[in-house]
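# Structural characterization, general
Listed here are the chains, written in short residue letters.
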Amino acid sequence: MAVTKLWPIRGRVDSPLNYAANEEKTANPRWDKSSLQNLTDVMHYAADEDKTEKQFFVSGVNCNPAIARDQFVNVKKQFDKEDGIVAYHGYQSFAEGEVTPEQAHEIGIELARRFWGDGYQVIVATHLNTAHLHNHFIVNSISFKDGKRCRAKRWYDFNKVSDDICREHGLSVIENPRGKGVPACVYNAEKAGAPTRLNLAKAAVDEAIEASQNLQEFRMALKAMGYSCNLDPSRKYWTIKQKDWQRPIRMYRMGAAYSNESIISRLEREPESKMFSSFQRIIVVRKRQYGLQIRGDRIKKIGGLKGLYLHYCYLLGYLPKYTKRPAKVSPLLRDDLIKMDRIAEETRMLCRENITTIDELRVRISRCSEAIEQKSSERGELYTRSRRKIPEDERQSLRKQASAISSELKDLRKELRMLESIENRSAVIEEKIKEVEKEREVKKDERRR
């Protein structure tokens, strides 16, 4: 059973090459480690691949492992393509105890030849430092044959080719892969009880199903909560999306109860088990002699940027008392519960610095940018002076001053990022508050009818 993965490498091409050909991971256990030098020395001593393979499970396809870096770079220079992705790094991991080091390395070379051997340089290194033997592949991003770049569009076949080779060698393969699991950040947030985009969308779907009897009503209920959905019968997976999301969520990711068939089944169940609002309600409107001012009204009077953020925190349930799962939050705002920590931090900054208008905010951004530029220049001068021929104690003093400025720069850059985020977010917040107030007015009109 072999598991595979591929990802792009940017920056220096020698870093992944050094990692893949690490002596401690590729050393053949039949050879005494004390008899070997570091990998570079061994490669220079035994430049041909036959000697290299006798001591290490490192091989090259269309290149020599000893000078692979230079060969990779020369191909890039030849076709004038030295920018962007410099290489691709992949691995092929086997089940524990299923293959020998020699067999694992042989399969790795065969996979590299089948998949990239027609025009790309590849280093194949078999790592023996874990219970699961695994191959690493470092692939030059530029073809030595025609200068074309490696493209990810054909890489979905990588796992298929690996499985075919494993079957030919009598090894097991994963017949029904489960696909990607839940990201760690989402898992940890859900475990801590914090809102996530997935569980907020899940709650919206549940609420919409409870108030609907068919797909049309289900779609309208989601729309009322600020979500759009694609329920095309020809689609394998139905999706849900909110306006400010970059991409939709496939509903089946929420669990077995949210597949296309399960949603239809839940919509078609007995009407008695569903919740409906009454078609007509008699509303008695009592004239109040006076109304007590609530905290929301007091916050609205603050005005400016500070008041805008405080009002938004109130609508999100952060004020007057913060809870991880506030009960009364407009569906149009629920997605921002995920960003509550950042919004609260920006609110505290506005209150602490008493920034009330967008003009004051922009002045602060300009000053912060100038301070960063000035501090960076000062630090550069200190580093330049420290590289001259001066006494060691003076050099250490200059480096200490430069380090102090680096700490200041870190705080200034953090402040600048937050100020710029406030500038961008404030317009979005203002628009969302208007939508919420419009929604409330519509509901008031419905109650008066």
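Use the structure listed above.
Residues numbered from 1 in each chain as written. Predicted model: local features only at pLDDT ≥ 70, side-chain atom pairs only at ≥ 80, totals over all residues. Heavy atoms only, no water.

### Let's talk about a positive patch on the surface
Together, Lys410, Arg413, Lys414 and Arg417 line one region of the surface with positive charge. Along the chain, the position of lysine 410 falls in helix H16 (residues 392-448). With relative accessibility at 62%, the residue lysine 410 sits in the exposed group. (Patch = residues over 30% accessible without salt bridge, like charges linked within 9 Å, V, L, I, M, F, W, Y side chains within 5 Å. Areas by Shrake-Rupley, 256 points an atom, 1.4 Å probe, with all protein chains shown as cover. Salt bridge = Lys/Arg side-chain N within 4 Å of Asp/Glu carboxyl O. Lys, Arg positive; Asp, Glu negative; His and termini not counted. Charge placed at Lys NZ, Arg CZ, Asp CG, Glu CD. Helix = DSSP H or I, 4+ residues; strand = E, 2+ residues; numbered from the N terminus. Buried < 20%, exposed > 50% of the residue type's maximum accessible area, 1.4 Å probe, protein only.)

### Description of the nonpolar core
Counting 57 residues, the largest nonpolar core has Phe218, Leu222, Tyr227, Ile240, Met251 and Met254 as its most contacted members. Listed by contribution, the elements that provide at least two residues to this core are helix H9 (197-210), helix H10 (215-224), strand S6 (227-230), helix H11 (260-267), helix H13 (304-315), helix H14 (340-353), helix H15 (358-386) and H16. By residue number, the principal contributor to this core is H16, which donates twelve residues. Look past the residues within four positions of tyrosine 227 in its chain and what remains in contact with it is Leu200, Ala201, Ala204, Leu222, Ile240, Lys241, Gln242 and Trp245. The next biggest cluster of nonpolar side chains, apart from the first, holds 27 residues, and it includes Val61, Ala112, Tyr120 and Phe158. (Core = buried A, V, L, I, M, F, W, Y, C linked by side-chain atoms within 4.5 Å. Contact = heavy atoms within 4.5 Å.)

### Quick word on helix H6 (residues 101-116)
For H6, which comprises 16 residues, the first-to-last C-alpha distance of 22 Å matches the rise-based estimate of 22 Å (1.5 Å per residue) to within 8%. Those residues of H6 that sit buried are Ala104, His105, Ile107, Gly108, Ile109, Leu111, Ala112, Phe115 and Trp116. (Expected span 1.5 Å × (residues − 1).)

### Remarks on the pairing of strand S3 (residues 85-94)
Counting buried residues in S3 gives nine out of ten residues, a clear majority hidden from the surface. Here seven bridges tie S3 to strand S5 (residues 134-140), and the two strands are oriented antiparallel to one another. By the bridge assignment, tyrosine 88 is partnered in S5 with valine 139. (Pairing = 2+ DSSP bridges.)

### Some words on the sheet that holds strand S8 (residues 249-250)
Taken in spatial order, the three strands line up as S6-S7-S8 in an open sheet, and their pairing is antiparallel. Whereas interior strands pair on both sides, the edge strands pair on one side only; in this sheet they are S6 and S8. Here two bridges tie strand S7 (residues 239-242) to S8, and the two strands are oriented antiparallel to one another. For threonine 239, the partnering residue across the bridge sits in S8 and is arginine 250. Where H9 meets the sheet, it contacts S6, S7 and S8, and its direction lies at approximately 80 degrees from that of S6. (Axes fitted to C-alpha atoms, helices over the stretch in contact; angles between N-to-C directions.)

### Some words on unusual backbone geometry
Note on backbone geometry: most residues besides glycine have negative phi, and most peptide bonds are trans. Unusually for a residue other than glycine, asparagine 62 sits at a positive phi of about 65 degrees. In this structure asparagine 62 comes out as partly exposed when scored by relative accessible area, which is 36%. Even without glycine at this site, aspartate 80 takes up a positive phi of about 55 degrees. Within the secondary structure, aspartate 80 is located in the loop between helix H5 (68-78) and S3.

### Some details on the packing of H13 against H14
Helix packing geometry: the angle between the two helix axes and the distance between the axes. Interhelical geometry of H13 versus H14 gives an angle of 145 degrees and a closest axis separation of 9 Å. For the pair H13 and H14, the sense of crossing is left-handed. Facing Leu305, Lys306, Tyr309, Leu310, Tyr312 and Cys313 of H13, the residues of H14 in contact are Met340, Ile343, Glu346, Thr347, Leu350 and Cys351. By residue class, the composition of the contact of H13 with H14 is nine nonpolar, one polar and two charged. (Left-handed = near helix turned anticlockwise from the far one by under 90°. Nonpolar A, V, L, I, M, F, W, Y, C, P; charged D, E, K, R; others polar.)

### Describing the packing of aromatic side chains
Under the counting rule described, the total for this entry stands at seven aromatic pairs. When the centroid spacing of 5.2 Å and the interplanar angle of 90 degrees are considered together, the rings of phenylalanine 115 and tryptophan 116 count as edge-to-face. When the ring of phenylalanine 115 is compared with that of phenylalanine 158, the centres are 5.3 Å apart and the planes differ by 65 degrees; the resulting orientation is edge-to-face. A residue pair is termed long-range when its members are at least 10 positions apart, and phenylalanine 115 in helix H6 and phenylalanine 158 in helix H7 (residues 158-168) qualify at 43 residues. An aromatic cluster is present here, built from Phe115, Trp116, Phe137 and Phe158 joined pairwise through their rings. Directly above the aromatic system of tyrosine 258 lies the positively charged group of arginine 266, at a separation of 5.1 Å from the ring centroid. (Phe/Tyr/Trp six-rings, centres within 6.5 Å; stacked < 30°, edge-to-face > 60°. Lys NZ or Arg CZ within 6 Å of the ring centre and 35° of its normal.)

This is a description of form; function is not addressed.
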